[in-house]
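Analysis of the macromolecular model
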Amino acid sequence: MTKKIINLLILLPLGIILIVFCVANRQSATLALNPFKPEDQVLSLHAPLFVLLFVALILGMVVGAAVTWVNQGKHRKRARNQSREAVHWHAEADKHRSRAEQIAGQLSSK
């Protein structure tokens, strides 16, 4: 219940702000990808300003997530190796435990 209230307190104002932002920035803008000839229609995009900003935001988030994922690869590899090693040593301990129980059973039966 408190999670719903917290989400409502955060998401509702954020949604209102985004709607106001979109309404305020709906005029058309041109994104020119050719720095030497900005009037080139082939390498330019005409869209409302809020669309261009949202696309830039989403692209930045995707690139940031990809860079973070690549940089954390060494930690994931180390975790996989340690997990494999832990499984190996648990199996080794179980083998020695069963062998010790077998020896203890042989000694108690004598």
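Shown above is the structure to which this text applies.
What comes next is a walk through the structure.

Calculation criteria
- Residues numbered from 1 in each chain as written.
- Predicted model: local features only at pLDDT ≥ 70, side-chain atom pairs only at ≥ 80, totals over all residues.
- Heavy atoms only, no water.
- Salt bridge = Lys/Arg side-chain N within 4 Å of Asp/Glu carboxyl O.
- Helix = DSSP H or I, 4+ residues; strand = E, 2+ residues; numbered from the N terminus.
- Buried < 20%, exposed > 50% of the residue type's maximum accessible area, 1.4 Å probe, protein only.
- Phe/Tyr/Trp six-rings, centres within 6.5 Å; stacked < 30°, edge-to-face > 60°.
- Axes fitted to C-alpha atoms, helices over the stretch in contact; angles between N-to-C directions.
- Parallel < 35°, antiparallel > 145°, perpendicular 65-115°, else oblique.
- Contact = heavy atoms within 4.5 Å.
- Nonpolar A, V, L, I, M, F, W, Y, C, P; charged D, E, K, R; others polar.

Let us look at the pattern of salt bridges. One pass over the structure, following the stated rule, counts two salt bridges. For lysine 95, the salt bridge goes to glutamate 92, with nearest N and O atoms at 3.8 Å. In this pair, lysine 95 and glutamate 92 are both assigned in helix α3 (residues 73-109), three residues apart and thus about one turn of the helix distant. Its salt-bridge partner being aspartate 94, residue arginine 97 comes within 2.7 Å of it at the nearest N-O pair. Of the two residues, arginine 97 and aspartate 94 are both situated in helix α3; the distance of three residues between them amounts to about one turn of the helix. Assessed through its relative accessible area of 46%, arginine 97 is described here as partly exposed.

A complete count under the given rule lists two aromatic pairs for this structure. Where phenylalanine 21 meets phenylalanine 54, the ring centres are 6.0 Å apart and the plane angle is 50°; that geometry is what we call tilted. Remark: phenylalanine 54 occurs in helix α2 (residues 49-71) and phenylalanine 21 occurs in helix α1 (residues 2-24); sequence separation between them is 33 residues. Using a relative accessible area of 28% as the deciding quantity, one classes phenylalanine 21 as partly exposed. With a relative accessible area of 26%, phenylalanine 54 lands in the partly exposed category. Summarising the aromatic geometry, the rings of phenylalanine 50 and phenylalanine 54 are spaced 6.2 Å apart at their centres and angled 80° between planes, so their arrangement reads as edge-to-face. Of this pair, phenylalanine 50 and phenylalanine 54 both sit in helix α2, four residues apart, roughly one helical turn.

It is worth spelling out the packing of α1 against α2 at this point. The interhelical angle for the contact between α1 and α2, taken along N-to-C directions, is 130°, at an axis separation of 7 Å. Classified by the angle their axes make, α1 and α2 are oblique. Within the contact between the two elements, α1 uses Leu18, Phe21 and Cys22 and α2 uses Phe50, Leu53 and Phe54. The residue inventory of the contact of α1 with α2, partitioned by class, reads six nonpolar, no polar and no charged.

You can see asparagine 25 is positioned in the loop between α1 and β1 (28-32). Note on asparagine 25: relative accessible area 16%, which makes it buried. Look past the residues within four positions of asparagine 25 in its chain and what remains in contact with it is Pro48, Leu49 and Phe50.

Position of valine 70 among the secondary structure elements: in helix α2. Overall, valine 70 belongs to the exposed group, its relative accessible area being 56%. When the C-alpha atoms of valine 70 and glutamate 85 are compared, they prove to be 24 Å apart, with 15 residues separating the residues in sequence.

Such coordinate-based values are descriptive only and should not be taken to indicate function.
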